[in-house]
Amino acid sequence: MKNISIDGHSVGEQQPVYMIAEIGLNHNGDMQNAKKLIDAAFATNWHCVKFQKRTPHLCVPEHQKNVMRDTPWGKMTYLEYRYKVEFEKEQYDYIDGYCREKPIAWTASVWDLKSLEFLMQYKVPFIKIPSAKLTEHEYLVEASRSGSPVILSTGMSTIEEIDAAVNILAKHSKDNYVLMHTNSSYPAPPEDLNLRVINFLKERYDCIVGYSGHEYDLEPSVIAASLGASIIERHVTLDHNMWGSDHFASLEVHAMDMLHKRIKNMNVILGDGIKKLTDKELDVRKKLRGY
């Protein structure tokens, strides 16, 4: 297993945990919300903010397109709603400039080939492939050939499906990829998190493994880091009470700060696993044992 470089950060064994703030669609189509969440991630020392990029008419299933939905903007079809909250080039040009000024890295989960092509206009630190797209092999090939590191979530996938996806990533990305353990329920109940899968994935695929958490609490992310997750990704929001399906189980700004502080010294605390006497312990030994 070798470390990879993401935006100048070495990610992998014995390296600081790389932390991704998943804004997703929690901006609710409002650039002011997006800016505040970028500000929050920067202020709390997270490494990267991440959005979601879709081409709605390609990604929304046919049976859902004309389903009516009540929204803060009135009653509209689900497809209309998806376009309402989707950022396009004007907004991403602004995000790109705003993040460079901070500076903080940004990227997006891409849900279709057109969105992948769109994202590659920008100098993003990695491409994120959501769990829903793990079995779309043509899409995996194109993402792997992009030249950017690929981060693939493995939620709702069988071992056989992950095996097939990893074979594609290993062949086309020159091992420049990360697997993310996740449970795709939102929110995910504690009994379904199964964090020991992190080490299973590391051993089976000999690659860097991270954790994308969809639970309420901070503890699973801290435990995941202690189990060897090199990347932690969590959804973030300005307020749990905002309209939208992802806000309630996302981290508010104070929780983002708490989680970063709990994780930032994780590798220092865990150490290298070699039993040895520290300098301070030698002083105590001399005092208590006389030698």
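Being a predicted model, the structure only gives us computed values, none of them experimental.

Asks: Which residues make up the pairing of strand 6 (residues 74–77), and what are the values?
Replies: By the bridge criterion, 4 bridges tie strand 5 (residues 68–71) to strand 6 in an arrangement that is antiparallel. Bridge pairing in strand 6 links T71 to G74.

Asks: Please provide a residue-by-residue account of the environment of R234, values included.
Replies: The topology assignment puts R234 in strand 12 (residues 231–235). R234 sits in the buried class, given a relative accessible area of 0%. Sequence separation between R234 and K35 is 199 residues; the distance between their C-alpha atoms is 17 Å. Among the polar contacts made by the side chain of R234, one reaches the main-chain carbonyl oxygen of E215 at a distance of 2.7 Å.

Asks: Before we move on, can you summarise the environment of A105 with the specific residues and values?
Replies: Its location among the elements puts A105 in strand 7 (residues 105–110). When the C-alpha positions of A105 and F42 are compared, they lie 9.4 Å apart, and in sequence the two are 63 residues distant. Discounting residues that sit within four places of it in the chain, A105 has contacts with D7, Y18, H47, C48, V49 and P125.

Asks: Help me get a handle on the layout of surface pockets, residues and values and all.
Replies: The space that makes up the largest pocket amounts to roughly 840 Å³. Forming the boundary of the largest pocket are 36 residues, of which Q52, R54, R82, W111 and D246 lie nearest the centre. Looking at the lining of the largest pocket, the elements with two or more residues in it are strand 4 (48–53), helix 4 (78–84) and strand 12. Here the lining of the largest pocket takes 3 residues from helix 4, the largest share from any one element. Tallied by class, the residues present in the lining of the largest pocket amount to 13 nonpolar, 15 polar and 8 charged.

Asks: Run through the packing of helix 7 (residues 137–144) against helix 8 (residues 159–172), naming residues and quoting values.
Replies: Two packed helices can be described by the angle between their axes and the distance between those axes. Running from N to C, helix 7 and helix 8 point in directions that differ by 30°, and their axes come no closer than 9 Å. Between helix 7 and helix 8, the crossing angle belongs to the class labelled roughly parallel. The way helix 7 lies across helix 8 gives a crossing that is right-handed. Contacts between helix 7 and helix 8 involve H137, L140, V141 and S144 from the former and A164, A165, I168, L169 and H172 from the latter. Residue composition of the contact of helix 7 with helix 8, grouped by class: 6 nonpolar, 3 polar and no charged.

Asks: Talk me through helix 5 (residues 89–101); I want residue IDs and the actual numbers.
Replies: For helix 5, which comprises 13 residues, the first-to-last C-alpha distance of 18 Å matches the rise-based estimate of 18 Å (1.5 Å per residue) to within 8%. If you check which residues of helix 5 are buried, you get Y92, I95, D96, G97, Y98 and C99.

Asks: Break down the pairing of strand 10 (residues 177–181) for me, citing the residues and quoting the values.
Replies: Within strand 10, 5 of the 5 residues are buried, leaving the element largely enclosed by the surrounding structure. Alternating positions in strand 10 separate into two faces, Y177, L179 and H181 on one and V178 and M180 on the other, with burial throughout. Bridge count between strand 9 (residues 150–153) and strand 10: 4 bridges; the pairing is parallel. Considered in strand 10, the bridge of I151 is made with V178. For the crossover from strand 9 across helix 8 to strand 10, the handedness is right-handed. Sheet analysis places strand 10 next to strand 11 (residues 208–213), joined by 4 bridges and oriented parallel. Its bridge partner being in strand 11, L179 is matched across the sheet by V209. Following the chain from strand 10 across helix 9 (residues 197–205) to the adjacent parallel strand 11, one finds a crossover that is right-handed.

Asks: I'd love a proper account of the side chain of R82, names of residues and values included.
Replies: Mapped onto the secondary structure, R82 falls in helix 4. Of the side chains with opposite charge, E86 comes closest to the buried, unpaired R82, at an N-O distance of 5.7 Å. Residues contacting R82, with those up to four places away along its chain left out, are L25, R54, P56 and V60.

Asks: So what's going on with the packing of aromatic side chains? Residues and values would help.
Replies: Enumeration according to the criterion identifies 13 aromatic pairs in this entry. Between F51 and F87 the ring centres are 6.4 Å apart and the planes differ by 50°, which places this aromatic pair in the tilted class. Of the two residues, F51 is situated in strand 4 and F87 in the loop between helix 4 and helix 5; the sequence distance between them amounts to 36 residues. Residue F51 is classed as buried on the basis of its relative accessible area, which comes to 0%. With a centroid separation of 5.4 Å and 80° between ring planes, the pair formed by Y216 and F248 is classed as edge-to-face. Linking Y216 in the loop between strand 11 and helix 10 (219–226) with F248 in the loop between strand 12 and helix 11 (253–263), this pair joins segments that are 32 residues apart in sequence.

Conventions and cut-offs
Each chain has its residues counted from 1, running along the sequence as written. At least 70 in pLDDT is required for a residue's local features to be given in this predicted model, at least 80 for side-chain atom pairs to be given and counted, and no such filter applies to totals for whole chains, interfaces and linings, which use all residues. Hydrogens and water are ignored here; the side-chain numbers use all heavy atoms of the structure. When DSSP finds at least two bridges between two strands, those strands are taken to pair. For helices the rule is a DSSP run of H or I covering at least 4 residues; for strands it is a run of E covering at least 2, with both sets numbered from the N terminus onward. Only protein chains enter the accessibility calculation, which uses a 1.4 Å probe; a residue whose area is less than 20% of its type maximum is buried, one above 50% is exposed, and one in between is partly exposed. A 3.5 Å cut-off defines polar contacts: any pair of N or O atoms within that distance qualifies, except that in protein one atom must be a possible hydrogen donor and the other a possible acceptor, and neighbouring residues in sequence count only when both atoms are side-chain atoms. By definition in these notes, contact holds between two residues if any of their heavy atoms fall within 4.5 Å. Put simply, the grid is 1 Å and covers the protein atoms alone, a cavity is a trapped set of points that fit a 1.4 Å probe, a pocket is an open set with protein on both sides within 12 Å along at least five of seven lines, and lining residues have an atom within 4 Å of a point. Grid points are joined across faces, edges and corners, and a volume is the space filled by probe spheres set on the points. Residues were grouped as follows: Ala, Val, Leu, Ile, Met, Phe, Trp, Tyr, Cys and Pro as nonpolar; Asp, Glu, Lys and Arg as charged; and all remaining residues, including Gly, as polar. Here the axes come from fitting lines to C-alpha atoms, over the contacting stretch only for helices, and the angles between their N-to-C directions go from 0 to 180 degrees. Oblique is the label for every angle not falling under 35 degrees (roughly parallel), over 145 degrees (roughly antiparallel), or within 65 to 115 degrees (roughly perpendicular). Left-handed describes a crossing whose near helix is turned anticlockwise from the far helix by less than a right angle; the clockwise case is right-handed. A helix is expected to reach a length of 1.5 Å times the quantity of its residues less one. A clockwise course of the path from the first strand over the helix to the second, judged with the strands pointing away from the viewer, identifies a crossover as right-handed. His is not counted here, nor are the chain ends, while Lys and Arg score as positive and Asp and Glu score as negative. Note on definitions: salt bridges are taken to be side-chain nitrogens of Lys or Arg within 4 Å of carboxyl oxygens of Asp or Glu. We call Phe, Tyr and Trp rings a pair once their centres come within 6.5 Å, taking the six-membered ring for Trp, and we label the pair stacked below 30 degrees between planes, edge-to-face above 60, and tilted otherwise.

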